[in-house]
Amino acid sequence: IFQKWVNREISNFDYLIQLNTMAGRTYNDLAQYPVFPWILRDYTSEELDLNNPAVFRDLSKPIGVVNEKNAKTVKEKYENFEDPLGMIDKFHYGTHYSNAAGVMHYLIRVEPFTTLHIQLQSGRFDCADRQFHSIPATWQALMDNPNDVKELIPEFFYFPEFLENQNGFNLGQLQMSKEVVNDVVLPKWAHSPEDFIYKHRKALESEYVSAHLHEWIDLIFGYKQRGPAAVEALNVFYYCTYEGAVDLDALTDEKERKALEGMINNFGQTPCQL
């Protein structure tokens, strides 16, 4: 499969889906949902110029430090972290780039995710300002906040319906602007959800992404996922998110085990290292 990809016999999209599958990710488990990268950083131009490298996100950096300004904060957090009990290893991020709540966040307008989201929020929609209501605003929030490190899900490259409130859910109003949350606000360069998906998929298959995608793959699935390379790349997550970090079978206390299981399920999981 790797050779096929190198020879351009399979698309970047297909390659990412296959890597996700090999690393234990599946559509059947929200806690281990397939993870895809943010690939663009231009969500404000009238036209999207895929021949301009400046419109693309730097794929060699974890999303939390794509904005240089955040790197210092993230580094300091890691260096200053000490667990008095000596159980928890140092980490750069206490959140994760892929977890169940994040998947529901993006897919809130389509069932069964709407119902799952409502269950998670104890029977109602979360407050409007925390909903996924705009692609440009979501990107801006990632750039401003090193604690928000959500990557994307595959739907961003093929499924326009998740950007529309076709079921007419009442998702509330934004506090500041009083704007009603309805369909997802798109970048200026996209004229409809279909147009967004078309251009976004085109961006994923572009020359720039084909040349740099392996850098992101190293962070998520490869050698920069853990160990010294991960520390150097500012890519270390909370210890519970790594495969094999916790031996659940060794926990005899049922309560403790349940609590840890819940934590792993909600916190996000780092894919198996390939």
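Cut-offs used in this document
- Residues numbered from 1 in each chain as written.
- Predicted model: local features only at pLDDT ≥ 70, side-chain atom pairs only at ≥ 80, totals over all residues.
- Heavy atoms only, no water.
- Axes fitted to C-alpha atoms, helices over the stretch in contact; angles between N-to-C directions.
- Helix = DSSP H or I, 4+ residues; strand = E, 2+ residues; numbered from the N terminus.
- Parallel < 35°, antiparallel > 145°, perpendicular 65-115°, else oblique.
- Left-handed = near helix turned anticlockwise from the far one by under 90°.
- Contact = heavy atoms within 4.5 Å.
- Nonpolar A, V, L, I, M, F, W, Y, C, P; charged D, E, K, R; others polar.
- 1 Å grid on protein atoms, 1.4 Å probe; cavity = no way out; pocket = protein on both sides within 12 Å on 5 of 7 lines; lining within 4 Å.
- Points joined across faces, edges and corners; volume = space filled by probe spheres on them.
- pLDDT = per-residue confidence, 0-100.
- Salt bridge = Lys/Arg side-chain N within 4 Å of Asp/Glu carboxyl O.
- Buried < 20%, exposed > 50% of the residue type's maximum accessible area, 1.4 Å probe, protein only.
- Disulfide = S-S within 2.5 Å.

## Regarding the packing of helix 2 (residues 12-22) against helix 8 (residues 207-220)
Then, in step 1: The contact between helix 2 and helix 8 brings their axes to 11 Å, and the two run at 15 degrees. It follows that helix 2 is roughly parallel to helix 8 by the angle criterion. Crossing geometry of helix 2 relative to helix 8 is assigned as right-handed. Counting all contacts with helix 2, which are made through Asn 12, Tyr 15, Leu 16 and Leu 19, the residues of helix 8 involved are Val 209, Ser 210, Leu 213, Trp 216 and Ile 217.
Then, in step 2: Here the residues of the contact of helix 2 with helix 8 sort into seven nonpolar, two polar and no charged.

## Concerning empty space enclosed by the protein
Then, in step 1: Considering all chains together, one arrives at two cavities of 30 Å³ or more under this definition.
Then, in step 2: The calculated volume of the largest cavity comes to roughly 70 Å³.
Then, in step 3: Around the largest cavity, the lining residues are Tyr 33, Pro 34, Tyr 97, Ser 98, Asn 99, Gly 102, Val 103, Tyr 106, Lys 150, Glu 151, Leu 152 and Ile 153.
Then, in step 4: Volume-wise, the second largest cavity comes out at about 60 Å³.
Then, in step 5: Lining the second largest cavity are Pro 62, Ile 63, Gly 64, Tyr 93, Tyr 97, Val 149, Glu 151, Leu 219, Ile 220, Asn 235 and Phe 237.
Then, in step 6: Class assignment for the residues of the lining of the second largest cavity results in eight nonpolar, two polar and one charged.

## Considerations on the confidence of the model for the chain
Then, in step 1: Of all residues in the chain, 100% have pLDDT values of 70 or greater, and the mean over the chain is 91.
Then, in step 2: For the chain, per-element mean pLDDT is lowest for helix 10 (residues 254-267), which scores 77, and highest for helix 7 (residues 193-204), which scores 97.

## Digging into the layout of surface pockets
Then, in step 1: When its volume is computed, the largest pocket comes out at roughly 530 Å³.
Then, in step 2: Taken together, 27 residues form the lining of the largest pocket, with Gly 102, His 105, Arg 130, Asp 148 and Lys 150 sitting closest to its centre.
Then, in step 3: Within the residue set of the lining of the largest pocket, elements represented by two or more residues are helix 4 (100-106), helix 5 (113-120), helix 6 (135-144) and helix 10.
Then, in step 4: When the residues that make up the lining of the largest pocket are grouped by side-chain class, the tally is seven nonpolar, 15 polar and five charged.
Then, in step 5: The calculated volume of the second largest pocket comes to roughly 230 Å³.

## A few points about the pattern of salt bridges
Then, in step 1: Following the criterion strictly, the structure yields ten salt bridges and no others.
Then, in step 2: For Glu 151, the salt bridge is made with Arg 57, and the minimal N-O distance between the two is 3.0 Å. With Glu 151 in the loop between helix 6 and helix 7 and Arg 57 in the loop between helix 2 and helix 3 (68-80), this residue pair connects regions lying 94 residues apart in the sequence. Just as Glu 151 is buried, Arg 57 falls in that class too.
Then, in step 3: Note that Glu 68 and Lys 61 form a salt bridge whose closest N and O atoms lie 2.8 Å from each other.
Then, in step 4: Its relative accessible area of 24% is what places Lys 61 among the partly exposed residues.

## A look at the state of the cysteines
Then, in step 1: Taken as a whole and assessed by the stated rule, the structure comprises zero disulfides.
Then, in step 2: With no disulfide of its own, Cys 272 lies closest to Cys 240 among cysteine sulfurs, the gap being 16 Å.

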